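What follows is each chain in one-letter form.
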Amino acid sequence: MPVTRRNPPLELLCCPRCRGPLAEGAAWSCAACRIDYPAIDGLPWLFPDPQLALGEWQARIHGFLAGLEAQATRYRAALDGGITRASTRNRLKLLSAACADHARRLRALLAPLGATRPAAAPEVYGALGMALPAGQGLTSYYANLHRDWCWGDAENESGYRILDAALGPGPPGRTLLLGVGAGRLAFDLMHRRGPQPMLAADINPLFLAVVQRLFDGERLELYEFPLAPRDLGSHAVLRALQAPTAAPAGCHFVFADASHGPFAAGVFDTVVTPWLVDVLDEDFATFAARVNGWLRPGGRWVNTGSLAFASDEPARRYAIEEVVELAAAAGFAGVEPREERVPYLCSPASRHGRVETVVTFTAVKNDEVPVPPPPRRCPDWLEHADRPVPLLPDLQGRQLELRVLAYVASLVDGKRSVRDVARVLVEQKLMAPGEAEPAVRSFLARLHEEASSRGAASLSL
Ligand SMILES: C[S@@+](CC[C@H](N)C(=O)[O-])C[C@H]1O[C@@H](n2cnc3c(N)ncnc32)[C@H](O)[C@@H]1O
């Protein structure tokens, strides 16, 4: 019997575009923005441009599934390559069957998102990048699913214990858990501390597809492809994922991007961000100000996880001391980080696994700070599909680069050697004779390497 499908209380939500109130009907809508936010897979899909986000996720899903199927074919082809050793044949058979079956299972699971048959070839999905946060792929943190719902009792317990201590003795009250991931922490929090109600949000539809089903008592079977398989049989392990007990009512799942959080201002008693702040594209200082905006005065922000900021901008790869200062500047008091060493993703099927020093702090909202404007996702001509795309100098340069790449790649016809391809470039006056051969060689080596690692990467879930 589903317990999670009740719609979230409207007073906890707002429009992700204008932060005005949402109305609820067949879907959610904002009268000021004249926009409808649909229910996808039964849950509010509260992205600022809901159709664009849906299209981006569908393309990611299709690209990933097509890659998985191609990987199954590659394993089958390797079997036909004259390999006679029984153990190697068994490993390849296991992997080819697992990849094909995994694609089938994910396709069924993600059908409510429109993950039916892909409309384009995998190469098209691979070539055309998506505008969602680049680091957040469909299977980013996929291993968490198996840890949370299969083999990770010790890790899950240590994660919950840290959160429980950080929350202190009082009731969590109205709670927002942002970056719910595979969902076990949300489950344990609901069970053991009973925040009422709790909004649990994530950007990744694979997680919410799994989590809401597990909360509803379903049992799911999905493959684990460990990073460093312990033995032959561990290269692909079909795991059963299931919640240990029935989930209490009151947890509401929402699709959302933290940087465009559709969460009402000043209504939450507690905001929990587990293993989130350093994976966001958004600057920690800005995000901290957003969290401030969602909390009521005196409300608490509990942050736990790593602080391995990987921003392109060196100034934003903060040290713990800077994090404390920035949280204080965002209106929080009492930010005293604690550190604990915990096991992290130690799958029994893998030789890989680590111990991580987790940083946790509880910050109390002391002052109001201005709510940061939503990040500007893209220029107008990207936001509005009917506006002309300006031919800017950097785009022009890239255009030329891509044309050259496509031209050189097109010269590969199964007959020409590296020298032959280089000769064409010289004849076309694209390169000087001395440079052409080494350049073609390194270009083709790179293409070859990328193609092989793409095949391997599709399995590194
Ligand atoms: C490192 S995982 C942590 C998952 C979970 N909190 C845990 O502790 O196991 C980061 C989570 O944040 C989610 N996430 C990343 N960027 C996000 C964003 N911009 N908005 C919402 N969720 C995001 C990811 O999908 C993923 O579930």
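Residues numbered from 1 in each chain as written. Predicted model: local features only at pLDDT ≥ 70, side-chain atom pairs only at ≥ 80, totals over all residues.

Quick look at the overall build of the protein chain now. What the protein chain contains, in helices and strands, is 13 helices and 15 strands. For the protein chain, with 461 residues in total, the buried portion stands at 36%. Long-range contacts, defined as pairs at least 24 residues apart, comprise 71% of the intrachain contacts of the protein chain with a sequence gap of at least 6. (Helix = DSSP H or I, 4+ residues; strand = E, 2+ residues; numbered from the N terminus. Buried ≥ 20, exposed ≤ 12 C-beta atoms within 10 Å, placed from the backbone. Contact = placed C-beta atoms within 7 Å.)

A few words on the site of the ligand. Taken together, 20 residues are adjacent to the ligand, and G179, G181, N204, A258 and W275 come closest. In terms of residue class, the shell around the ligand is built from twelve nonpolar, six polar and two charged. (Near = placed C-beta within 6 Å. Nonpolar A, V, L, I, M, F, W, Y, C, P; charged D, E, K, R; others polar.)

What follows deals with the sheet that holds strand β1 (residues 23-24). Backbone-to-backbone hydrogen bonds join strands into a sheet, with any given pair of strands oriented parallel or antiparallel. Taking strand neighbours across the sheet as the criterion, the three strands line up as β1-β2-β3 in an open arrangement whose pairing is antiparallel. Edge positions in the open sheet fall to β1 and β3 (35-37), since each of these has one partner strand only. Where β1 meets strand β2 (residues 28-30), two bridges bridge the pair, whose relative direction is antiparallel. Across the sheet, the residue bridging to A23 is S29, located in β2. (Pairing = 2+ DSSP bridges.)

What follows concerns the domain arrangement of the protein chain. Here the domain parsing of the protein chain yields domain 1 (14-44), domain 2 (50-365) and domain 3 (391-454). Each of domain 2 and domain 3 has a C-alpha centre, and these two points are 39 Å apart. (Domains from an automatic or database assignment.)

What follows covers the packing of helix α1 (residues 50-79) against helix α2 (residues 86-109). In contact at an axis separation of 8 Å, α1 and α2 are set at 160° when each is read in the N-to-C sense. Judged by the angle between their axes, α1 and α2 are roughly antiparallel. Judged by the sense of rotation from one axis to the other, the crossing of α1 with α2 is left-handed. Between α1 and α2, the residues in contact are L65, L68, E69, Q71, A72, Y75, R76, A78 and L79 and R89, L92, K93, L95, S96, C99, A100, H102, A103, L106 and R107, respectively. Taken together, the residues of the contact of α1 with α2 break down into twelve nonpolar, three polar and five charged. (Axes fitted to C-alpha atoms, helices over the stretch in contact; angles between N-to-C directions. Parallel < 35°, antiparallel > 145°, perpendicular 65-115°, else oblique. Left-handed = near helix turned anticlockwise from the far one by under 90°.)

What follows covers the environment of E321. Structurally, the position occupied by E321 is in helix α9 (residues 320-329). For E321 and P337, which are 16 residues apart along the polypeptide, the C-alpha to C-alpha distance reads 9.4 Å.

On to helix α6 (residues 184-193). For α6, the set of buried residues is R184, L185, A186, F187, L189 and M190. G194 sits one or two positions beyond α6 and adopts a positive phi of about 50°.

Attention shifts here to the nonpolar core. Counting 101 residues, the largest nonpolar core has L46, A186, A200, V210, V211, F255 and V271 as its most contacted members. Taken domain by domain, this core gets at least three of its residues from each of domain 1 (14-44) and domain 2 (50-365). The contacts of V211, once residues within four sequence positions are left out, are V180, A182, G183 and F253. Counting six residues, the second-largest nonpolar core is a separate cluster that includes V421, A422, L425 and A436. (Core = buried A, V, L, I, M, F, W, Y, C linked by C-beta atoms within 7 Å.)

Bringing unusual backbone geometry into the picture now. Phi at Y141 takes a positive value of approximately 65°, unusual for a residue other than glycine. Looking at the secondary structure, you find Y141 in the loop between α3 (122-127) and α4 (143-151). Taking the number of C-beta atoms within 10 Å as the measure of exposure, Y141 has 20 and is therefore buried. Phi is positive for W275, close to 55°, though the residue is something other than glycine. Secondary-structure assignment places W275 in the loop between β11 (268-274) and α8 (284-294). The exposure class of W275 is buried, given the 20 C-beta atoms found within 10 Å.

Here is the key point about a regular strand: its side chains alternate between the two faces of the sheet. The element strand β7 (residues 198-202) is largely enclosed, with a buried count of five among its five residues. Taken together, the four bridges between strand β6 (residues 175-178) and β7 define a ladder with parallel strand orientation. Across the sheet, the residue bridging to L176 is L199, located in β7. Since β6 and β7 lie parallel, the crossover through α6 that links them has a hand, and here it is right-handed. Direction of pairing for β7 relative to strand β10 (residues 251-255): parallel, over a ladder of five bridges. What sits directly across from M198, in β10, is C251. (Right-handed = clockwise from strand over helix to strand, strands pointing away.)

Turning our attention to the packing of α8 against α9. The interhelical angle for the contact between α8 and α9, taken along N-to-C directions, is 40°, at an axis separation of 9 Å. For the element pair α8 / α9, the angle class is oblique. The interaxial crossing formed by α8 with α9 has right-handed handedness. Along its contact with α8, which presents F284, A285 and A288, the element α9 presents V323, L326, A327 and A329.

In this section: the environment of V210. Mapped onto the elements of the fold, V210 is located in helix α7 (residues 205-215). Leave out the neighbours within four places in its chain, and V210 touches L145, A182, L220 and L241.

This part takes up the environment of Q51. You can see Q51 is positioned in helix α1. Each C-alpha atom, one on Q51 and one on T88, is 45 Å from the other, the two residues being 37 residues apart in sequence.

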